[in-house]
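An overview of the molecular structure
Given next are the chains, with one letter for each unit.
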Amino acid sequence: MVEQAEGKKISFFEKFLAVWVALCILAGILLSVTIPGIGETLNSWQIRGISIPIGVCLFLMMYPAMLNLQVAELKKLKDNPKPIILTLVSNWIVAPLVGALLAWIFVRDQPQLIVAVILLCSSPCTAMVLVWGSMAEGNQEQNVVNTSLNTVTIIFLYAPVVALLTGIQNIQIDRGLLIISVVVFIGLPLIIGVVSKKLIIKNKGEDWFHNIYRPAIGKISIFALLTTLIILFSLNGTVLLENPELLWQVSIPLLIGFVIVVGYNLLITKLFKLKYRQAIISVIIGSSSHFEIAIATAVAMYGVGSIAALGTTMGLFWEVPIMLGLVYLGKFLRKKNFWESEE
């Protein structure tokens, strides 16, 4: 999700990100109606089937998240592995299975929407959870370790998990293109992120990197995200106006999935007797998704004007207010002593 410096509170703009997303969706649809041919023009700017505008925007969305990777922090896994393991189980087993099942129940007649749900539920967040965790007053060291680990595991697990779950439902996808999208939209930004981080810190220092560079890149990431939404919806606005039920259809399994996965994480962290600061981080990360990766993969596999690409945008639309609500729910449950008290 959208990049933020660790420990900073969410800004007014990001707090109402769902509102800006809705406005961008409307702007895209309006452009498709008022400027005939804009979709075809944008879609014609391609290199071997990859949209140049979307490719640039997706890279600018993904690159900031990769700056979170802190390899040194991964060495701390052995010190307190239980909350990390619980989160990984939720991210890579519970959430994908729940999403795939709900997609089959509610949108079985729309294969691309099934894929959209699977793409969203199989991609754990690696950036915005740092902000949610800070707001919830959770254990930020655990947060950094977990997001760093997710950044690494998503490279190796995302394509196999998506391929497995779509295969179970007999949905034919281009697995080669799936792997290529992971390499291009995850691997490449990761490599560039690691290299640029080292070079910048070496030449400018850590303070400049964390306090100047990362915040600036984070703002570019948000702009790229909103631009991507405008482009996506301008390409297929007329289809949406004629079939508005598509977005509601994909929203049903996503919203129910959020409820189930959040409920699971609340109960499992209590069952394993985690203390609040550990538990809330496990709940937040275990219940989140990396919608940038989902959007990028859907675009690579089906095209910028596809139902799958539009379906993945609803993950962004709903996740922001839900995760913000989860922050306040965690604080409420702490007051009610739902988890063990801190020592």
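See the structure above.
Per the secondary structure count, the chain includes 15 helices and two strands. Residue pairs at least 24 apart in sequence account for 85% of intrachain contacts in the chain once pairs closer than 6 positions are excluded. With an accessible surface of roughly 14,800 Å², the chain has 69% of that area assigned to carbon and sulfur atoms.

Before going further, it helps to examine unusual backbone geometry. A positive phi angle, near 60 degrees, is found at Glu137, a position not held by glycine. In this fold, Glu137 is placed in the loop between helix H7 (129–135) and helix H8 (140–168). The phi angle at Asn337 is positive, at roughly 60 degrees, despite the residue not being glycine. Note on placement: Asn337 falls in the segment after helix H15 (307–335). Using a relative accessible area of 58% as the deciding quantity, one classes Asn337 as exposed.

This brings us to the packing of helix H5 (residues 81–106) against helix H13 (residues 276–287). Put simply, H5 and H13 touch, their axes get as near as 8 Å, and they point 20 degrees apart. Between H5 and H13, the angle is such that the two are roughly parallel. Crossing geometry of H5 relative to H13 is assigned as right-handed. Together, Pro83, Thr87, Ser90 and Asn91 of H5 and Ser282, Ile285 and Gly286 of H13 make up the contact between the two elements. Its residues assigned to classes, the contact of H5 with H13 comprises two nonpolar, five polar and no charged.

Another point: H15. It helps to recall that an α-helix has 3.6 residues per turn; residues three or four apart then point in one direction. With 29 residues, H15 extends 43 Å from end C-alpha to end C-alpha; this agrees with the ideal 42 Å at 1.5 Å per step. One or two residues past the end of H15 sits Asn337, with phi positive at roughly 60 degrees.

Of all the bends found along H8, the most pronounced is centred on Ile154 and spans about 50 degrees. Two or three places before Gln142, at the start of H8, stands the capping residue Asn139, its side-chain oxygen 3.0 Å from that residue's backbone nitrogen. Two residues or fewer after H8 comes Asn170, characterised by a positive phi angle close to 55 degrees.

Glancing now at empty space enclosed by the protein. Throughout the structure, instances matching the rule amount to two cavities of 30 Å³ or more. Estimates place the volume of the largest cavity at around 170 Å³. The wall of the largest cavity is formed by 15 residues, among which Cys121, Leu254, Phe258, Ser287 and Ser289 lie closest to the centre. Of all elements in the fold, only H5, helix H6 (111–121), helix H12 (245–271) and H15 reach the threshold of two or more residues within the lining of the largest cavity. The element best represented in the lining of the largest cavity is H12, accounting for five residues. Taken together, the residues of the lining of the largest cavity sort by class into eight nonpolar, six polar and one charged.

Scoring rules and cut-offs
- Residues numbered from 1 in each chain as written.
- Predicted model: local features only at pLDDT ≥ 70, side-chain atom pairs only at ≥ 80, totals over all residues.
- Heavy atoms only, no water.
- Helix = DSSP H or I, 4+ residues; strand = E, 2+ residues; numbered from the N terminus.
- Contact = heavy atoms within 4.5 Å.
- Areas by Shrake-Rupley, 256 points an atom, 1.4 Å probe, with all protein chains shown as cover.
- Buried < 20%, exposed > 50% of the residue type's maximum accessible area, 1.4 Å probe, protein only.
- Axes fitted to C-alpha atoms, helices over the stretch in contact; angles between N-to-C directions.
- Parallel < 35°, antiparallel > 145°, perpendicular 65-115°, else oblique.
- Left-handed = near helix turned anticlockwise from the far one by under 90°.
- Nonpolar A, V, L, I, M, F, W, Y, C, P; charged D, E, K, R; others polar.
- Expected span 1.5 Å × (residues − 1).
- Bend = angle between axes of the 7 residues up to and from the residue.
- Polar contact = N/O pair within 3.5 Å; in protein donor to acceptor, adjacent residues only side chain to side chain.
- 1 Å grid on protein atoms, 1.4 Å probe; cavity = no way out; pocket = protein on both sides within 12 Å on 5 of 7 lines; lining within 4 Å.
- Points joined across faces, edges and corners; volume = space filled by probe spheres on them.

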